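# Close look at the chain arrangement
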Amino acid sequence: MRTLLTAMTALFLAGTLSAQTYTVFIHGKSGKNHNGVGTTDVNGYWGSSVNSVSGTRIFIGYDGTTDPRTYGSSRAQTNISTGLTNYCKGANSCKIVCHSAGCYAIEYWLSNLGSTTSAKGFNITKVTALAAASGGSELANALNGITFGFGGNAMDKSLIVTTARGAFNHNNTAGVAVNHVPGYKGMFGASAILPGEDDYAVAYHSACGYNRAGGLNKCQASLTQYEGLWPFGSNRTYTQYSGHFRAPSVSSTGLYLDHGQIKTEGWR
């Protein structure tokens, strides 16, 4: 009996010791190919910003010029599937930190999983979405317009607001909470194109996971504002998609950080 108990205890401890908790980083638009799945930040997209997160870090990289919805060599969807299967199943658990179009990529993957992550065997605790571009960017609209549809790469075209918002069911997060962290440190020129508060790359309607595009200056579950010229305007209500929230440690006004600086907030 004692021998059996000793063996069972050893097996239990072995399983406990082998369990790992990972922070998985998924990058956004880039002019470089960050292709790879593992502990190396290929071509240095994240730099020192990951130091705000303790523990073991996993990087899921792909060609930053490609459509984040696509599969294949150096493509986001293939590498997300590989990375999460390798590191976020069994006794392991993962928190995902995404930036910009990386949030577009992981939200697309979650929406198309076909069930909840737990039912599929994945142990994903949450997504921390830094300046999420999953609602698109008016800068991509502008680029597409001034070049009559000929300018920009596949990533740029995927970020056209109507394209991004119609790309998948944003209300389906496969049972995982997407916690948004928006920034409002804009830039002259870009901020003239982006509606409401912005970080010079994406506006709050995208960075906060709202269900429609518009000029917003708060990040919260629901917001109603008067739009149009009085007395011909009307109240318009914006709500966050199901499964989407403002990160609990962030106020409704967001953070005074620009699109690049916000990468240091993965700890939230």
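Now for a look at the structure at hand. (Residues numbered from 1 in each chain as written. Predicted model: local features only at pLDDT ≥ 70, side-chain atom pairs only at ≥ 80, totals over all residues. Heavy atoms only, no water.)

### Focus on the layout of surface pockets
Its volume calculated, the largest pocket comes out at about 360 Å³. Forming the boundary of the largest pocket are 18 residues, of which Lys29, Ser100, Leu159, Ala201 and His259 lie nearest the centre. Ranked by residues supplied to the lining of the largest pocket, first place goes to helix α4 (residues 138-146) with three residues. Looking at side-chain class alone, the lining of the largest pocket contains 10 nonpolar, five polar and three charged residues. (1 Å grid on protein atoms, 1.4 Å probe; cavity = no way out; pocket = protein on both sides within 12 Å on 5 of 7 lines; lining within 4 Å. Points joined across faces, edges and corners; volume = space filled by probe spheres on them. Helix = DSSP H or I, 4+ residues; strand = E, 2+ residues; numbered from the N terminus. Nonpolar A, V, L, I, M, F, W, Y, C, P; charged D, E, K, R; others polar.)

### Considering the state of the cysteines
Applying the stated criterion to the full structure yields three disulfides. Between Cys88 and Cys94 runs a disulfide, and the two sulfur atoms are separated by 2.1 Å. Torsion about the S-S bond of the Cys88 and Cys94 cystine: about -95°, corresponding to left-handed handedness. What makes Cys94 buried here is its relative accessible area of 1%. Covalently, Cys98 is tied to Cys103 through a disulfide, its sulfur atoms 2.2 Å apart. (Disulfide = S-S within 2.5 Å. Buried < 20%, exposed > 50% of the residue type's maximum accessible area, 1.4 Å probe, protein only.)

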